[in-house]
Each structure stands twice: as structure tokens, then as C-alpha cells.
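Coordinate inspection notes
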Amino acid sequence: MKQLTEQELRAAFVNCTKGETKRLFVPRDLADRPWDDLDYLGWRDPQAPERAYLVTAPDGHPRGLALRCPTPSAQQPRRNMCSMCLTTPADGVALMVARKAGKAGQQGNSVGTYICADLACSLYLRGRKDPGPGARMQESLTLEEKIDRTVANLVAFLDRVTA
Ligand SMILES: [Zn+2]
């Protein structure tokens, strides 16, 4: 994806109030992120690791989600599969819960999905980060096809949040 500025990232969130958007933690090292190899930028708030964020822009229009997930210490070491990239990383997946956008969110509705706990789906797909032995299924898909599938999964999750 194309590199985004802090302002673009903050403006992308679909399930935050204006105040939350202003206050949420955005990484300082944006210039050092491997944007060319990212299908989404994902991060956690170091002060509050149960808060995770991801922003993607498959059609050039950035959309982001604020997520809640268990703190690493509360996580079970069970190995589950990420619903986005279909990797089963040794570092685990986390149930990430997004408050729904708009009125549904104000009424307390949320949707959840399992995502790589370190939000490194893009790097696992491209072999830039080792997910551990047996973490990837044997598949005949090309890298391009696996990326397309991951982006489609991500967009489907975003659509559930904004539906
Ligand atoms: Zn993943």
C-alpha cells in the first residue's frame, strides 16, 4: 500500500468518535514501515496493548478499524488460524473486536474476528517474517492470489463493521 501520513491514518477510522480519533496512538516510525509489502498497517498502543488498530486502502481510499483484544499475557498459547491471511503463527492469533460504526456501535454492537496477534499478516504472506513450523498450509495459490484473498477477507470484515 502507499505510505500514509498520521493525518490520513487518523482520518481513516470508521468506528471511532472524533475525540477518539484525535487521541488514539499512532506510531512515530511511519517512514520506516515496509509500506510496499503491507496490505494493511497494523499496530498496538504500547501504553494499552489491548488496543489494536489497522488501516488499509485496497482501492486507494484509506479505511481503518479500532480494535480491542486481550493483552498478550491473557492470551492462550493455543494455535489458531488467522481469519485474514490463514496463517497459524507460533506467536498466536488474537480475537480482535471492533465496535460497529455509527448508531449500531453506540448501542453496543460489535463484531470480532481472529487476526495474527502481531498484526503481521502481510509479512507472513511474503515470507518476510517466519511464522514458525507448520504455520502455513500447503497451497497451490500464487503470492498474488494469497494477497488478494487476504485483502478480500479484510474488506469483508470492514464491511461487517460499517454494515
Ligand atoms: Zn494473519
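Preceding block: the structure.
All of the points below concern the structure found in this document.

1. Concerning the coordination of the zinc ion
Ligation of the zinc ion by protein atoms is provided by Cys 82 (SG), Cys 85 (SG), Cys 116 (SG) and Cys 121 (SG), these donors lying 2.2 to 2.3 Å from the ion. For the zinc ion, the 4 donor atoms are set out with angles of 105 to 118° between them, so the coordination reads as tetrahedral. Here the donor residues for the zinc ion map to a single chain with the spacing C-x2-C-x30-C-x4-C. Cys 85 carries the same exposure label as Cys 82, and that label is buried.

2. Regarding the pairing of strand E1 (residues 41-45)
Counting buried residues in E1 gives 5 out of 5 residues, a clear majority hidden from the surface. Pairing of E1 with strand E2 (residues 48-56), which is carried by 5 bridges, proceeds in the antiparallel orientation. Note that in E2 the partner of Leu 41 across the bridge is Val 55. Where E1 folds back onto E2 in an antiparallel hairpin, the turn is made up of 2 residues.

Reading the values: rules and limits
Residues numbered from 1 in each chain as written. Predicted model: local features only at pLDDT ≥ 70, side-chain atom pairs only at ≥ 80, totals over all residues. Heavy atoms only, no water. Donors = N, O, S within 2.8 Å, 3.2 Å for Na, K, Ca; no water. Tetrahedral: all angles 85-135°; square planar, octahedral: opposite > 155°, others 65-115°. Buried < 20%, exposed > 50% of the residue type's maximum accessible area, 1.4 Å probe, protein only. Helix = DSSP H or I, 4+ residues; strand = E, 2+ residues; numbered from the N terminus. Pairing = 2+ DSSP bridges.

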